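# Per-entry structural report
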Amino acid sequence: MTKFRKLGRPTGHRMSMLRTMVSQLVKHERIETTVAKAKEIRRLADNMVQLGKDGSLSAARRAAAFVRGDDVIHKLFTEIAYRYKDRAGGYTRLLRTRIRVGDAAPMAYIEFVDRENELRQSKPGTPQPPARAPMDPWTRSRLSRQFAPPKEDNNSSEPEI
């Protein structure tokens with residue numbers, strides 16, 4: 001079982017195509033391609049954004065070994081890394097668009113989220129619930145008070161003779 005799509009191409013051709021498409025995605029921030037290629041590009045582009053956010057020399061060398069163009073490397077490590085500094089993942093969005101006329105291949109846009117001129121606005125983050133005060137372990141819960149038998153008072157009981 002493979003961990004990636006082979007896309008009907010030999011390894012060298014496939015890697016060259018994916019490197020070019022990831023570079024173009026970083027440069028233009030939106031490209032249209034087939035759905036299968038877009039899903040593979042999403043994996044690789046998210047990894048490149050992670051390297052950009054890391055910002056170390058090792059990360060820059062690893063990214064430079066994959067993407068093409070010095071302007072793409074610069075954009076990846078400055079603009080895109082700054083844009084996603086607070087985001088934990090999910091840097092790209094895949095939007096299915098149409099069926100291609102020549103071969104009926106399903107087409108899709110792949111784009112970065114949180115940018116100008118998005119095709120679809122990103123959903124706002126879910127707000128964190130308010131912090132609850134820690135519960136005292138010695139107080140009885142409402143359920144235990146509801147279902148527990150009533151306490152008997154020793155003071156109100158009949159005096160023993």
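In case you missed it, the structure is sitting above this.
Report follows, based on the coordinates. If you're wondering where the values come from, they're calculated on a predicted model, not measured in any experiment.

## Notes on the overall build of the protein
Along the protein, the regular secondary structure elements total five helices and three strands. Residues classed as buried in the protein amount to 32% of the 161 residues present. In the structure as shown, the protein presents an accessible area of about 11900 Å², 53% of it carried by carbon and sulfur atoms.

## Focus: the nonpolar core
In this structure, Ile 41, Met 48, Leu 76 and Phe 112 are the most contacted members of the largest nonpolar core, which totals 32 residues. Here the element with the most residues in this core is helix H2 (residues 35-54); it accounts for eight residues. Setting aside anything within four residues of it in sequence, one finds Met 48 in contact with Val 22, Ala 63, Phe 66, Val 67 and Leu 76.

## Thoughts on the sheet that holds strand S3 (residues 106-112)
Strands sit in the order S1-S3-S2 across an open sheet of three strands; the sheet is antiparallel. With one partner strand each, in any of the chains shown, strand S1 (30-34) and strand S2 (92-99) form the two edges of the open sheet. For this sheet, the mean inter-axis angle between neighbouring strands, taken without regard to orientation, is 25°. Sheet analysis places S2 next to S3, joined by six bridges and oriented antiparallel. Opposite Thr 92, over in S3, you have Phe 112 as the bridge partner.

## Re the side chain of Lys 75
The topology assignment puts Lys 75 in helix H4 (residues 70-83). A relative accessible area of 16% places Lys 75 in the buried class. Of the polar contacts made by the side chain of Lys 75, one reaches the side chain of Glu 29; its length is 3.1 Å. When neighbours within four sequence positions are excluded, Lys 75 is seen to be in contact with Val 26, Lys 27, Glu 29 and Ile 80.

## Notes on the pattern of salt bridges
Summed over the entire model, instances satisfying the criterion amount to 10 salt bridges. For Lys 75, the salt bridge goes to Glu 29, with nearest N and O atoms at 3.1 Å. Residue Lys 75 is located in helix H4, and its partner Glu 29 is located in the loop between helix H1 (11-28) and S1; the two are separated by 46 residues in the primary sequence. Since its relative accessible area comes to 6%, Glu 29 is described here as buried. The salt bridge partner of Arg 30 is Glu 111, with a shortest N-O separation of 3.2 Å. Of this pair, Arg 30 sits in strand S1 while Glu 111 sits in strand S3; the two residues are 81 residues apart in sequence, bridging distant segments of the chain. Within this structure, Glu 29, Lys 75, Glu 79 and Arg 83 form a network of salt bridges that share partners.

## Notes on unusual backbone geometry
The phi angle at Glu 29 is positive, at roughly 65°, despite the residue not being glycine. We note that Ala 104 has phi near 60°; this positive angle belongs to a residue other than glycine. When you line up the elements, Ala 104 lands in the loop between S2 and S3.

## What to know about the packing of aromatic side chains
The final tally for this structure, using the stated rule, is two aromatic pairs. For the pair Tyr 84 and Tyr 91, a centre-to-centre distance of 5.2 Å together with 50° between the ring planes defines the contact as tilted. Comparing Tyr 84 with Tyr 91 shows no difference in burial state: the two are buried. When the centroid spacing of 6.2 Å and the interplanar angle of 40° are considered together, the rings of Tyr 84 and Phe 112 count as tilted. You can see Tyr 84 sitting in the loop between H4 and S2 and its partner Phe 112 sitting in strand S3, a full 28 residues away along the chain. Comparing Tyr 84 with Phe 112, the two get one shared label, buried. The ring of Tyr 109 has Arg 30 sitting right over it, with the charged end atom 5.9 Å from the ring centre. We note Lys 85 situated over the ring of Tyr 82; from NZ or CZ to the ring centre the distance is 4.0 Å.

The rules we used
- Residues numbered from 1 in each chain as written.
- Predicted model: local features only at pLDDT ≥ 70, side-chain atom pairs only at ≥ 80, totals over all residues.
- Heavy atoms only, no water.
- Helix = DSSP H or I, 4+ residues; strand = E, 2+ residues; numbered from the N terminus.
- Buried < 20%, exposed > 50% of the residue type's maximum accessible area, 1.4 Å probe, protein only.
- Areas by Shrake-Rupley, 256 points an atom, 1.4 Å probe, with all protein chains shown as cover.
- Core = buried A, V, L, I, M, F, W, Y, C linked by side-chain atoms within 4.5 Å.
- Contact = heavy atoms within 4.5 Å.
- Pairing = 2+ DSSP bridges.
- Axes fitted to C-alpha atoms, helices over the stretch in contact; angles between N-to-C directions.
- Polar contact = N/O pair within 3.5 Å; in protein donor to acceptor, adjacent residues only side chain to side chain.
- Salt bridge = Lys/Arg side-chain N within 4 Å of Asp/Glu carboxyl O.
- Phe/Tyr/Trp six-rings, centres within 6.5 Å; stacked < 30°, edge-to-face > 60°.
- Lys NZ or Arg CZ within 6 Å of the ring centre and 35° of its normal.

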